[in-house]
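# Structural overview
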Amino acid sequence: MNSLVQKLDKQIIGQTRAKTAIYRKLVVQHVRTGDKPLVLMFYGNPGIGKTEVAKVMAKSLFGTNKVIREQMSMTAGNASLEYFKATAHSENSFSKELLNRKSNILLLDEFALAPTYIQTAFFQLFDEGKYVDQNFSVDMRNSIIICTSNFTSKNQMKAAISPALFSRFDAVIPFIDFTPEEKIKVADKIVESYVKSGKIKSQYIKLIDIDKVKDHVHRMVLHFSNFRAIRNLVEDVIADELIESSGWKK
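Residues numbered from 1 in each chain as written. Predicted model: local features only at pLDDT ≥ 70, side-chain atom pairs only at ≥ 80, totals over all residues. Heavy atoms only, no water.

Turning our eyes to something else, we now look at unusual backbone geometry. As a rule of thumb, non-glycine residues mostly have phi less than zero, and peptide bonds are mostly trans rather than cis. For Glu110, which is not a glycine, the phi torsion comes out positive at approximately 50°. Summarising the element assignment, Glu110 is placed in the loop between β3 (105-109) and α6 (116-119). What makes Glu110 buried here is its relative accessible area of 10%. Its identity as a non-glycine residue notwithstanding, Asn142 has a phi of 60°, on the positive side. Here Asn142 shows up in the loop between β5 (137-139) and β6 (144-149). (Helix = DSSP H or I, 4+ residues; strand = E, 2+ residues; numbered from the N terminus. Buried < 20%, exposed > 50% of the residue type's maximum accessible area, 1.4 Å probe, protein only.)

Moving on to the environment of Asp188. Turning to its location among the elements, Asp188 is positioned in helix α10 (residues 180-196). Put simply, Asp188 and His223 are 35 residues apart on the chain and 15 Å apart in space, counted from C-alpha to C-alpha. Leave out the neighbours within four places in its chain, and Asp188 touches Lys214 and His218. (Contact = heavy atoms within 4.5 Å.)

This next bit is on the pairing of β3. Side-chain positions along a regular strand alternate between the two faces of the sheet. For β3, the tally of buried residues reaches five of five residues, placing the bulk of the element in the interior. Of the pairings in the sheet, the one linking strand β2 (residues 68-71) to β3 comprises four bridges and is parallel in character. Paired with Gln71 across the two strands is Asp109, which belongs to β3. As judged from the four bridges shared by β3 and β6, these two strands associate in the parallel manner. Looking at the pairing, Leu107 lines up with Ile146 of β6. (Pairing = 2+ DSSP bridges.)

Moving on to the packing of aromatic side chains. This model, assessed by the stated rule, comprises 14 aromatic pairs. Ring geometry for Phe84 and Phe94: centres 5.1 Å apart, planes at 50°, overall tilted. Here Phe94 lies in helix α5 (residues 94-99) and Phe84 lies in helix α4 (residues 77-84), a separation of ten residues in the sequence. Note on Phe84: relative accessible area 2%, which makes it buried. Relative accessible area serves as the criterion here: at 0%, Phe94 is assigned to the buried category. On the numbers, 5.8 Å between centres and 55° between planes, the contact of Phe84 with Phe122 is tilted. Residue Phe84 is found in helix α4, and its partner Phe122 is found in the loop between α6 and α7 (123-128); the two are separated by 38 residues along the sequence. Note on accessibility: Phe84 and Phe122 belong to one class, buried. One aromatic cluster is present, built from ring pairs that chain together Tyr83, Phe84, Phe94, Phe111, Phe122, Phe126, Tyr131, Phe166 and Phe169. (Phe/Tyr/Trp six-rings, centres within 6.5 Å; stacked < 30°, edge-to-face > 60°.)

As a further point, take the pattern of salt bridges. A side chain with one charge can pair with a side chain of the opposite charge if their charged atoms come near. Following the criterion strictly, the structure yields ten salt bridges and no others. Here Asp215 and Arg219 are joined by a salt bridge, their closest N and O atoms 3.4 Å apart. With Asp215 and Arg219 both in helix α12 (residues 210-220), this residue pair falls four residues apart, about one helical turn. Judged by its relative accessible area of 42%, Asp215 is partly exposed. Under the relative-accessibility criterion, Arg219 is labelled exposed at 57%. (Salt bridge = Lys/Arg side-chain N within 4 Å of Asp/Glu carboxyl O.)

What follows is the structure, encoded as structure tokens:
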């Protein structure tokens, strides 16, 4: 638990209230009797840390970056119905994915956008820690199930998820937009990661004035809202720096 606290504080910028809510629920999960899975809903605008928190939790708690991740907004029609409620052993199925999992963290992106007939497959999993289709009964007790949503209010999610299923979330945790100060921290972290992590070929790193790049990014970053947009800004500024320092023509 202490390791997770340290890693979240180090790797996730901002989201203090969300991280505190997660710590509390992990403590409750650790001390309570029974083996119900911990079911969390992270909601808020895209690109502000929801998925990254799930990955940090998997690495810290289970020692792996491998998380079973399903994009629930893409589920519709007979193919999805057969995947989540398989009837034949030969079918590719969600239950097989769970049986072959590398950690006990399950990430269900945009869960509220899944159609109702898909959401109903998760009642027993959220409640008892068992995922059952016509072929397998998968033991997911004491697992951590993280649903995400890009909705920005509980009311939006309540309109999209049945009350019976919504009540099975142990916590519904808001992720808030970055403050101006946090945007600068995010930008600096991205700049440093590009220079130090091998994402840029070594012969070009020496051409980059990191302080100059950071200064340029700081002057622009407040106009950008999330991690992905800030990353794209950093890439563009680094490209301009290389163009200028190398004599390349635009």
